[in-house]
Amino acid sequence: MDAPPHPPGSRQRRSTIVVVIAVVGLYLLPAAGHPPATNPNELVRIELALAMATWATVDLDSPARVYGYSEDLARRDDRMLADKAPGLSLAAVPVVWLSGSLLPSIPDSDLPRYWPLRHLLTGVLVALGTALLCFFVAAGISDLRDKGWIPLALIAALGTPLWSYGTVFFGHAPAAALIAVAWVILLQPGNAPGGTRTAFLGGLSAGLAITTEYPTALLVAIVFGSLVFRRVPPRQLGSAFAGLAIGLLPVLVYHQVAFGAPWLTGYVFKADPGFQQIHATGLSGVSLPTIEGLWGVLFSSARGLFFFSPVLLLTPIGLWLMHRRHRWRDVAPLTAAIVVYVAFAAGFVDWQAGWCAAARHLVPIVPLLAIPTMMAMAEMARRRWGLLVLAGLVALSAARGFLTLVVTPFFPPEFDNPLGQVVLPSLRDGVAAPNIVSSGIGLHAGFVWATAAALTAVLLVWGLGRLGRGFTPWISVVMALTIAGQVAWWVWRSPPPDPQLERYRAQLLVNLGHREAAARIDATLRSTPPSARGDR
């Protein structure tokens, strides 16, 4: 007798579990390797966590003697302190406590080796939460739950810079998760307002977002301004403010202990003269946005958010759709948040934001941009032409995001087109970043990344097919042609390698541990005649 067919709900649950596990696996994949150089942003956060967990202090001198001195330091009364918001380091303290005896230690020291600790902290505190973030946002908004929220969340997870920043120990992705939780809980897009308990949790999440990344205070102000404007009942508003106060308590205590007052941050005590000069301009380095800054953080091939994630260009369409359904209730706060945060990032003197991929300072609003983007995707998928256009945008977004992982997510600001000037040449040189599979069972890193690329493509084709209720072959063709066209464009438009940039790339590869590839670059430069190299 044939077995009874599985009910549709059971099949949907299984497919949801498989998709979520696959996305989590892709986010965790880069958590491996032990290159000779560290990133100062990650280093100072980890050293602060170790200082608090091991010595019950915020002074970084002891861990810095072992791991090295970061550029991102503050100095007060001859004490070396972290200049970053402490939220991620505070969250790392219990992980350090629990894992201390399990990780390999440095010889003649009780401290764990840096890279195993870094990978553990990144996986537990950043990658897991960021991988699940878009699923939480899509499931928490009724307008999206009715439109196929699983494929929408899948596309947002793999087609935005959340993927890149979910693999590094920066505060931006955790802050994005916290502000998104606060937004969905407190402003309830498309839903009725929640009760006092949910309001408290939303306020707590908002406070912890500021504790993790200071500029999210701009977004929190918009959230609470919207609550006041909507005339939320006093009990719910009071609960939200109570949660906010408790969420801010850790950062205020940290400021008091480290810098002598709850309102003083590490930016006031920057140790590096170059960073001092940056933060002496305007308000902690932020002034009015410039055309250069706006182009740089939105469209440039160096850091542009829409360059690395063209699918987010659908945001205005999604805002219009939300306005048609709910008028200004949901659109006004989202629009204000986007405008204010883009102005902040474009007005920052150092809008390039150091060694990174895409617009680092804009990462906290990516899940907010994803809300209208997912609305627009669901609407476009109802029409055949719209589905094919969407397939092209998704292919570009996922491919460019994937390329920020396959060699390194840390691109020096000297490269104005890091995908074309760093990633593609390095792949041609046989360079690929280590990953948990290649490090664990010895497979070639390039083979593992090629397999991950195929898995990403399969997931996205499946997701678009679910949104469009079929039409999968044409989706696959459009995505393949889009990626092939992008590669062909890069090859056709790529100028001859600039000798100075090739020297920078060689040094970057040395920092990443690829000395043989760097030596080949140096040998090529030495064999090139000075006139061809552009030497003077």
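Residues numbered from 1 in each chain as written. Predicted model: local features only at pLDDT ≥ 70, side-chain atom pairs only at ≥ 80, totals over all residues. Heavy atoms only, no water.

Here we come to the overall build of the chain. Along the chain, the regular secondary structure elements total 26 helices and two strands. Taking 24 Å as the expected radius of gyration for a compact globule of 536 residues, we find that the chain reaches 23 Å, a close match to that expectation. Counting only C-alpha atoms, the chain reaches 65 × 60 × 55 Å along its principal axes. Across the 536 residues that make up the chain, the buried fraction comes to 55%. Within the chain, contacts between residues at least 6 apart in sequence are counted, and of these 74% link residues at least 24 apart. (Helix = DSSP H or I, 4+ residues; strand = E, 2+ residues; numbered from the N terminus. Rg over C-alpha atoms; globule rule 2.2 N^0.38 Å. Buried < 20%, exposed > 50% of the residue type's maximum accessible area, 1.4 Å probe, protein only. Contact = heavy atoms within 4.5 Å.)

A few words now on the environment of Trp490. With respect to the helices, strands and loops of the structure, Trp490 is situated in helix α23 (residues 472–493). Taking the C-alpha atoms as reference points, Trp490 and Gly68, 422 residues apart in sequence, are found 38 Å from one another. Ignoring anything within four residues of it in the chain, the contact list for Trp490 reads Phe307, Arg400, Leu403, Asn417, Leu419 and Leu424.

Secondary-structure assignment places Gln486 in helix α23. With sequence-adjacent residues up to four places away left out, Gln486 is seen in contact with Leu396 and Arg400.

Turning our attention to the nonpolar core. Within the largest apolar cluster, 174 residues are counted, with the highest numbers of intra-cluster contacts made by Leu362 and Trp449. If you tally residues by element for this core, the top one is helix α5 (residues 114–139), at 12 residues. (Core = buried A, V, L, I, M, F, W, Y, C linked by side-chain atoms within 4.5 Å.)

A few words now on the environment of Leu237. Looking at the secondary structure, you find Leu237 in helix α12 (residues 234–259). In this structure, the C-alpha to C-alpha distance between Leu237 and Ala51, residues 186 residues apart in sequence, is 37 Å. In contact with Leu237, other than residues within four places in its own chain, are Leu227, Val228 and Val232.

With that out of the way, let us pick up unusual backbone geometry. Its identity is not glycine, yet Ala56 carries a phi of approximately 55°, on the positive side. Positionally, Ala56 belongs in the loop between α2 (40–55) and α3 (61–67). The phi torsion at Ala353 lies on the positive side, around 65°, for a residue other than glycine. Along the polypeptide, Ala353 turns up in the loop between α17 (328–347) and α18 (366–380). Taking the relative accessible area as the measure of exposure, Ala353 reaches 2% and is therefore buried.

With that settled, the discussion passes to a nonpolar patch on the surface. Nonpolar side chains collect at one region of the surface, where Ile436, Val437, Ile441, Leu443 and Phe447 lie side by side and expose about 450 Å² of accessible area between them. Counting residues per element, the nonpolar patch draws most heavily on helix α21 (residues 436–441), which supplies three residues. Relative to the helices and strands, Phe447 resides in helix α22 (residues 445–468). (Patch = residues over 30% accessible without salt bridge, like charges linked within 9 Å, V, L, I, M, F, W, Y side chains within 5 Å. Areas by Shrake-Rupley, 256 points an atom, 1.4 Å probe, with all protein chains shown as cover. Salt bridge = Lys/Arg side-chain N within 4 Å of Asp/Glu carboxyl O.)

Quick look at α17 now. The periodicity of an α-helix, 3.6 residues per turn, causes residues three or four positions apart to be oriented the same way. Helix length check: α17 (20 residues) gives 27 Å between terminal C-alpha atoms against 28 Å at 1.5 Å per residue, within 8%. Here the buried face of α17 lies against α9 (172–187), α11 (217–229), α14 (291–298), α16 (315–326) and α18. (Expected span 1.5 Å × (residues − 1).)

For the rest of this paragraph, the subject is the pairing of strand β1 (residues 73–76). Sheet topology places β1 next to strand β2 (residues 79–82); four bridges connect them, and they run antiparallel. Paired with Leu73 across the strands is Ala82, a residue of β2. (Pairing = 2+ DSSP bridges.)

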